[in-house]
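One letter stands for each residue in the lines below.
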Amino acid sequence: MMSKTHLTVGIAAALAVCRPDDLGGIFAAVIGGAAGGVFCDAECDAGQPMRDALLGRLNAGGITAILLAADWILKTGIWAGILSQSAASLGTGLVVFMITYLIGRLCRHRGFTHSLLFVFLVSYGLFCFSPAIGIPALIGGLSHLMLDTLNKKPVPWFFPIGRGFCLQLFYANRTANTVFMWAGFTAGVALITWRLAGYIGG
Ligand SMILES: [Zn+2]
């Protein structure tokens, strides 16, 4: 699927599973879901036909920057959580995330980056920084693997074991992609509205 679809479905999946009950939790679910939705395409570069993956990373990065800034101003707890982590935890998170991500970038398309191992390691790296973001990132990453499994190219879930599998239901960039993108967007907006209503209503 295309990056906007991974982004909207990742965010919606993270909100649905995490069910955040305050503003900081909603921000963290959106950041984690967005990051998890796109980090599996780490190996896709900026060159043509992979420009979409770069766009996805820019979108997720923009959402993250805006919400982290909003958290800083509104003090919803994300920065406080990060700053309360020990130096050892932050260091471990940085090393695990960077090494896993860089190895992923060097691998072939839909290889290591589209595996449970990659998703768990990258999410663990983020978890060391912020458990509130790490868990939704894991859910976003799993949603990426599930969406790609619907396509016509095998997803190596259990890398390095086996060649992976796919359901061969849809092409990555046609009608189904658009349908999933809008379904994710609609579900994400509905879930944010629902969780915000619950938060405001007490
Ligand atoms: Zn993918």
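The following paragraphs examine the structure supplied in this document.

Thresholds applied
- Residues numbered from 1 in each chain as written.
- Predicted model: local features only at pLDDT ≥ 70, side-chain atom pairs only at ≥ 80, totals over all residues.
- Heavy atoms only, no water.
- Donors = N, O, S within 2.8 Å, 3.2 Å for Na, K, Ca; no water.
- Tetrahedral: all angles 85-135°; square planar, octahedral: opposite > 155°, others 65-115°.
- Helix = DSSP H or I, 4+ residues; strand = E, 2+ residues; numbered from the N terminus.
- Buried < 20%, exposed > 50% of the residue type's maximum accessible area, 1.4 Å probe, protein only.
- Polar contact = N/O pair within 3.5 Å; in protein donor to acceptor, adjacent residues only side chain to side chain.
- Phe/Tyr/Trp six-rings, centres within 6.5 Å; stacked < 30°, edge-to-face > 60°.
- Lys NZ or Arg CZ within 6 Å of the ring centre and 35° of its normal.
- Patch = residues over 30% accessible without salt bridge, like charges linked within 9 Å, V, L, I, M, F, W, Y side chains within 5 Å.
- Areas by Shrake-Rupley, 256 points an atom, 1.4 Å probe, with all protein chains shown as cover.
- Salt bridge = Lys/Arg side-chain N within 4 Å of Asp/Glu carboxyl O.
- Core = buried A, V, L, I, M, F, W, Y, C linked by side-chain atoms within 4.5 Å.
- Contact = heavy atoms within 4.5 Å.
- Axes fitted to C-alpha atoms, helices over the stretch in contact; angles between N-to-C directions.
- Nonpolar A, V, L, I, M, F, W, Y, C, P; charged D, E, K, R; others polar.

## A short note on the coordination of the zinc ion
Protein coordination of the zinc ion is provided by Asp 41 (OD), His 114 (NE2), His 144 (NE2) and Asp 148 (OD), with donor distances spanning 2.0 to 2.5 Å. Between the 4 donor atoms coordinating the zinc ion, the angles at the centre fall across 87 to 175°, so the site counts as irregular. Written as a sequence motif, the donor arrangement for the zinc ion is D-x72-H-x29-H-x3-D. A residue pair is termed long-range when its members are at least 10 positions apart, and His 114 in the loop between helix 5 (87-106) and helix 6 (116-129) and Asp 148 in helix 7 (residues 131-149) qualify at 34 residues. In terms of burial, His 114 and Asp 148 fall into one category: buried.

## Things to note about unusual backbone geometry
Look at the link from Phe 159 to Pro 160: it is a cis peptide, with omega at 5°. Despite not being glycine, Arg 19 has its phi angle at roughly 45°, a positive value. Mapped onto the elements of the fold, Arg 19 is located in the loop between helix 1 (3-18) and helix 2 (23-39). In this model, Lys 75 sits at a positive phi of 55°, which is unusual for a non-glycine residue. In this structure, Lys 75 sits in the loop between helix 3 (51-74) and helix 4 (78-84).

## Quick look at the side chain of Asn 177
Note on placement: Asn 177 falls in helix 8 (residues 175-201). Classification of Asn 177 as buried rests on a relative accessible area of 8%. One polar contact links the side chain of Asn 177 to the main-chain amide nitrogen of Met 2, over a distance of 3.0 Å.

## Brief notes about the packing of aromatic side chains
Tallied over the entire structure, the rule returns 6 aromatic pairs. On the numbers, 6.1 Å between centres and 75° between planes, the contact of Phe 39 with Phe 118 is edge-to-face. With Phe 39 in helix 2 and Phe 118 in helix 6, this residue pair connects regions lying 79 residues apart in the sequence. On the basis of an interplanar angle of 90° and a centroid distance of 5.5 Å, the ring pair of Trp 72 and Trp 79 is categorised as edge-to-face. On the accessibility criterion, Trp 79 (28% relative accessible area) is partly exposed. Pairwise contacts between aromatic rings join Phe 39, Phe 112, Phe 118 and Phe 159 into one cluster. Above the plane of the ring of Trp 72 lies Lys 75, whose end atom (NZ or CZ) is 5.9 Å from the centre. The positively charged end of Arg 195 is found above the aromatic ring belonging to Trp 194, 4.4 Å away from the centroid.

## Thoughts on a nonpolar patch on the surface
A cluster of nonpolar residues, Trp 72, Ile 73, Leu 74 and Leu 83, forms a patch on the protein surface that exposes about 490 Å² of accessible area. It is helix 3 that contributes the most residues to the nonpolar patch, 3 residues altogether. Structurally, the position occupied by Leu 83 is in helix 4.

## Some details on the nonpolar core
Formed by 20 residues in total, the largest nonpolar core has its most connected members in Leu 7, Ile 11, Leu 15, Val 30, Ile 31 and Ile 78. Taken together, the elements giving at least two residues each to this core come down to helix 1, helix 2, helix 3 and helix 4. Beyond its immediate sequence surroundings of up to four residues, Val 30 is in contact with Ile 11, Leu 15, Ile 63, Leu 67 and Ile 192. Phe 39, Cys 40, Leu 126 and Ala 137 belong to the second largest nonpolar core, which has 15 residues in total.

## Here's the deal with the packing of helix 1 against helix 3
Relative orientation of the contacting elements helix 1 and helix 3 amounts to 35°, with a least axis distance of 8 Å. On helix 3, the residues touching Ser 3, Lys 4, Leu 7 and Ile 11 of helix 1 are Asp 52, Leu 55, Gly 56, Asn 59, Ala 60 and Ile 63. When its residues are assigned to classes, the contact of helix 1 with helix 3 shows 5 nonpolar, 3 polar and 2 charged.

## Considering the environment of Ala 28
Take Ala 28: it is sitting in helix 2. Among the residues examined, Ala 28 registers a relative accessible area of 1% and is labelled buried. On a C-alpha basis, the gap between Ala 28 and Ala 132 in space is 5.8 Å, while along the polypeptide they are 104 residues apart. Ignoring any residue separated from it by four or fewer positions in sequence, one finds Ala 28 in contact with Ile 78, Ala 132, Ile 133 and Pro 136.

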